[in-house]
Amino acid sequence: MRVVLRSWIGSVLEAAAGWLQEGRPIPAADLVEVLVATLAELLRQAARLDPEIDVAAALSQWDRPT
């Protein structure tokens, strides 16, 4: 889980730096939405790697329609 979360944090930092360097080409809310979706998928994959990780309850909150 730690490796997965650290990789996501790295992607968030890089996405934010690129977003700023490119002059904020998309709305911040859209970038956040993509990053949250990326985190959800990484958590699903972490659970595949380690079946003892139970992310289903947390992910069910994200997967609900808004």
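Residues numbered from 1 in each chain as written. Predicted model: local features only at pLDDT ≥ 70, side-chain atom pairs only at ≥ 80, totals over all residues. Heavy atoms only, no water.

## Regarding the overall build of the protein chain
This is how the line gets drawn: Secondary structure elements are defined from DSSP: runs of H or I of at least 4 residues count as helices, runs of E of at least 2 residues count as strands, and each element is numbered from the N terminus. Values of the radius of gyration come from C-alpha atoms, whereas the globule rule sets the reference at 2.2 Å times the count of residues to the power 0.38. Each residue's exposure class comes from its accessible area (1.4 Å probe, protein chains only) as a fraction of the maximum for that residue type: buried when under 20%, exposed when over 50%, partly exposed otherwise. When checking whether two residues touch, look at their non-hydrogen atoms; a contact exists if any pair is within 4.5 Å. Accessible surface area values rest on a Shrake-Rupley calculation with a 1.4 Å probe, where residue burial reflects the displayed protein chains alone. Under the counting rule used here, the positive set is Lys and Arg, the negative set is Asp and Glu, and His together with the chain ends is not counted. To locate a charge, take NZ of a lysine, CZ of an arginine, CG of an aspartate or CD of a glutamate.
When you go through the protein chain residue by residue, the secondary structure sums to three helices and zero strands. In summary, the protein chain has a C-alpha radius of gyration of 14 Å against a globular reference of 11 Å for 66 residues, an excess of more than 25%. Reported as C-alpha extents along the three principal axes, the dimensions of the protein chain are approximately 40 × 30 × 10 Å. Expressed as a percentage of its 66 residues, the buried residues of the protein chain come to 20%. Restricting to contacts in the protein chain with at least 6 residues of sequence separation, those with at least 24 account for 47%. Carbon and sulfur atoms form 60% of the exposed surface of the protein chain, whose accessible area is close to 5200 Å². Looking at the protein chain, you have 6 positive and 9 negative side-chain charges, and the mean spots of the two groups are 4 Å apart.

## Quick word on the packing of helix 1 (residues 2-21) against helix 2 (residues 28-49)
Applicable threshold: Axis geometry follows a simple rule: fit a line to the C-alpha atoms, using only the stretch in contact for helices, then measure angles between N-to-C directions, giving values from 0 to 180 degrees. In this scheme, roughly parallel covers angles under 35 degrees and roughly antiparallel covers those over 145, while 65 to 115 is roughly perpendicular and the rest are oblique. A clockwise turn of the near helix away from the far one marks a right-handed crossing, whereas an anticlockwise turn of less than a right angle marks a left-handed crossing. Polar here means any residue other than Ala, Val, Leu, Ile, Met, Phe, Trp, Tyr, Cys and Pro, which are nonpolar, and Asp, Glu, Lys and Arg, which are charged; Gly is therefore polar.
At their nearest, the axes of helix 1 and helix 2 sit 10 Å apart, and the two run at 160 degrees to each other. Between helix 1 and helix 2, the crossing angle belongs to the class labelled roughly antiparallel. For the element pair helix 1 and helix 2, the recorded crossing hand is right-handed. Contacts between helix 1 and helix 2 involve V4, L5, S7, W8, S11, V12, A15 and W19 on the former and, on the latter, A28, L31, L35, T38, L39, L42, L43 and A46. Of the residues in the contact of helix 1 with helix 2, the class split is 13 nonpolar, three polar and no charged.

## A few points about the pattern of salt bridges
The test is simple: Counted as salt bridges are all cases of a side-chain nitrogen of Lys or Arg within 4 Å of a carboxyl oxygen of Asp or Glu.
Tallied over the full model, the rule gives one salt bridge. Across the pair R44 and E41 runs a salt bridge whose closest N-O atoms are separated by 3.4 Å. Taken together, the residues span about one helical turn, with R44 and E41 both in helix 2 at a distance of three residues. A relative accessible area of 36% means that E41 is categorised as partly exposed.

## A short note on helix 2
Convention followed: One less than the residue count of a helix, multiplied by 1.5 Å, gives the span that helix is expected to have.
In this model, helix 2 (22 residues) spans 31 Å end to end at C-alpha, consistent with the 32 Å of a helix rising 1.5 Å per residue. Taken as a whole, helix 2 has its buried residues at L31, L35, L39, A40, L43, A46 and A47.

## A look at the nonpolar core
The condition that has to hold: Buried residues of nine kinds, namely Ala, Val, Leu, Ile, Met, Phe, Trp, Tyr and Cys, make up a nonpolar core once their side-chain atoms join them within 4.5 Å.
Counting 13 residues, the largest nonpolar core has L43, V55 and L59 as the members making the most contacts within it. Put simply, the parts of the chain that give this core at least two residues each are helix 1 and helix 2. Broken down by element, this core gets its largest block of residues, seven residues, from helix 2.

Remember, this is a structural readout, not a statement about activity or role.
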